[in-house]
Structures are given as structure tokens and as C-alpha cells.
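# Geometric and topological summary
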Amino acid sequence: MVTIGCGRVQSEQAVALAEAHPEVYAVVGVHPVDAGRGNWRDSDIDWIRDLARHDRVVAIGEAGLDYFHERPTPEDQPRAFRAQGALAADLGLPLVVHTRDAADDTMVILRDLGLRDVVLHCFSIPQYLDEALERGWTISIAGPVTFPRNTELRDAVTRVPAGRLLVETDAPYLAPVPMRGKRNQPAYVAHTLACIAHLRGDDVADLDRATSVTAARVFGW
Ligand SMILES: [Zn+2]
């Protein structure tokens, strides 16, 4: 499994967890909400680069744009996003992307960056699914796919090739049905996987294997 940092302290904690547990890998970076409100310094890329050289670090992120939490002053977010995207390209690591209420601007920056190794985390932009697949990106699905009214996302997961699909928790948020409303935890990802398999008409064990193979390929373990 992958655990991810949203800022410096959490990124260091993620690396420590990965050192302590052989089944855990780390992703390091600065989340757009943490980058916003004047918190991002261009020199932050230096500690991210240093941490990313650790052999248990498999990607850069979460990086991206989040206008839900930060409207109307998101000016630091694009700088942090672009800098981390350039670093990911530099290091040959995937970029794990967070986007919320900012789909169009996120796509503009991702097209500019020209990265192929992109994981769209907590995928929420089905309107861009076709382009994401054309560009070679990986679609990571979290608990909201289990919410019955989320029809666009539930339709989208049926159109993702098995080799391009990941499942995740986004813990502690977004617990899947039937745990909705509880504090999310990694074990609950089984509910999300079972729901996706049901929607796609896949065998649960087959989809389980496929997402594990995809994670190993994308994150390089
Ligand atoms: Zn996120």
C-alpha cells in the first residue's frame, strides 16, 4: 500500500512508516490546500527532492489544485503543482494528483507538464476520463464510487481498462458504503473494490489481482 504526505511533517512520517513496514511505500509532497494561503515557498521543492531520493518513496504528491477549500485565493497552488510536476519528471517518478472544484485548471497544467506517469487520486472528473486514458494516466477510485447517487463516477469505472485502475481509501475521509460516515481506514478499501467489481461485472478476486499488478507497475515495486 501507499501512504502519502500532505506537507513536510506528514511526508517525513510517511517515509518513516514505509521504513518500518515492508508492505508500505511512501509518496511525498505538498497538498494544494497546504500549498495555498501563502504557505508554499519555492525552496520547498528542495526538501521534497531530498525526501524523494529515499528508496521507499515511489511518487510525488499529493499535488494539484483545490478550489473547494481555498476559494478565492488559490494563487500559490499552481506554483506548487507545477514545481512538483517538474520534479516528478526530473526524478522519473509518477505524480499523484489531487483535484477538487478545479478540473479545467488542473487539466491545463497537466497538459502543460506533459507527464505520462500520472495517478488521478480520488478520481472525480469523469468528464475528462477519455482524455486521461488517452494520455496514459492511471485512475484511482475511492469510496464515493459506492455512493448510489454518484452515477457519473459509477459509469466511468466501467469504462476504465483493468490495467489502468487503482483503488484507494483517502482515509480518514470518504468511507465507502456500508461504512459511510465512519472514520475511513485502509481495510475498508475492500468494500470499494467489491463495489467496482460489481459495477463492472468483474470477479472480485480478478479485479483485486489486477489492481495489485497495476499498482506494482505504476509505482515500480
Ligand atoms: Zn486528495
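Structure report, in brief. Predicted model only: the values in this text are computed from it and were never measured.

Applying the stated rule across the entire model yields 2 aromatic pairs. Between Y25 and W221 the ring centres are 4.3 Å apart and the planes differ by 5°, which places this aromatic pair in the stacked class. Here Y25, found in strand β2 (residues 25-28), pairs with W221, found in the segment after α9 (204-219); they are 196 residues apart in sequence, far enough to count as distant. Ring geometry for F219 against W221: centres 5.6 Å apart, planes inclined by 10°, an arrangement best described as stacked.

Turning our attention to the pairing of β2. Here β2 shows two buried faces, one formed by Y25 and V27 and the other by A26 and V28. Inspection of the sheet shows strand β1 (residues 2-4) paired to β2 by 3 bridges, in the parallel sense. Of the residues in β2, the one forming a bridge with V2 is Y25. Assessed by its sense of winding, the connection that carries the chain from β1 through helix α1 (residues 8-20) to β2 is right-handed. Pairing of β2 with strand β3 (residues 57-66) involves 3 bridges; the strand directions are parallel. By the bridge assignment, V28 is partnered in β3 with I60.

Now for the coordination of the zinc ion. Within the protein, the zinc ion binds to E62 (OE), H98 (ND1) and H121 (NE2); these donor distances fall in the range 2.0 to 2.2 Å. Spacing between the donor residues of the zinc ion along their common chain follows E-x35-H-x22-H. Of this pair, E62 sits in strand β3 while H121 sits in the loop between β5 (118-120) and α6 (129-134); the two residues are 59 residues apart in sequence, bridging distant segments of the chain. Residue classification places E62 among the buried positions, given a relative accessible area of 5%.

About the cut-offs
Sequence positions are assigned chain by chain, starting from 1 and proceeding in written order. Thresholds applied to this predicted model are a pLDDT of at least 70 for local features of residues and 80 or more for the giving and counting of side-chain atom pairs; totals over whole chains, interfaces and linings are not thresholded and use all residues. Only heavy atoms go into the side-chain values, all of them from the structure, while hydrogens and water stay out. Here a pair means two rings of Phe, Tyr or Trp (six-membered ring of Trp) with centres within 6.5 Å. Their orientation is stacked below 30 degrees between planes, edge-to-face above 60, and tilted elsewhere. Numbering of helices and strands runs from the N terminus; a helix is a DSSP stretch of H or I covering at least four residues, while a strand is a stretch of E covering at least two. Only protein chains enter the accessibility calculation, which uses a 1.4 Å probe. A residue is then buried if its area is under 20% of the maximum for its type, exposed if over 50%, and partly exposed in between. Strands are labelled as partners when DSSP assigns at least two bridges between them. Whether a crossover is right-handed comes down to one check: with the strands pointing away from the viewer, does the path from the first strand over the helix to the second run clockwise; if it does, it is right-handed. Here a donor is any nitrogen, oxygen or sulfur atom (N, O, S) within 2.8 Å of the metal, with 3.2 Å used for Na, K and Ca; water is not among the atoms considered, so some sites may look incomplete.

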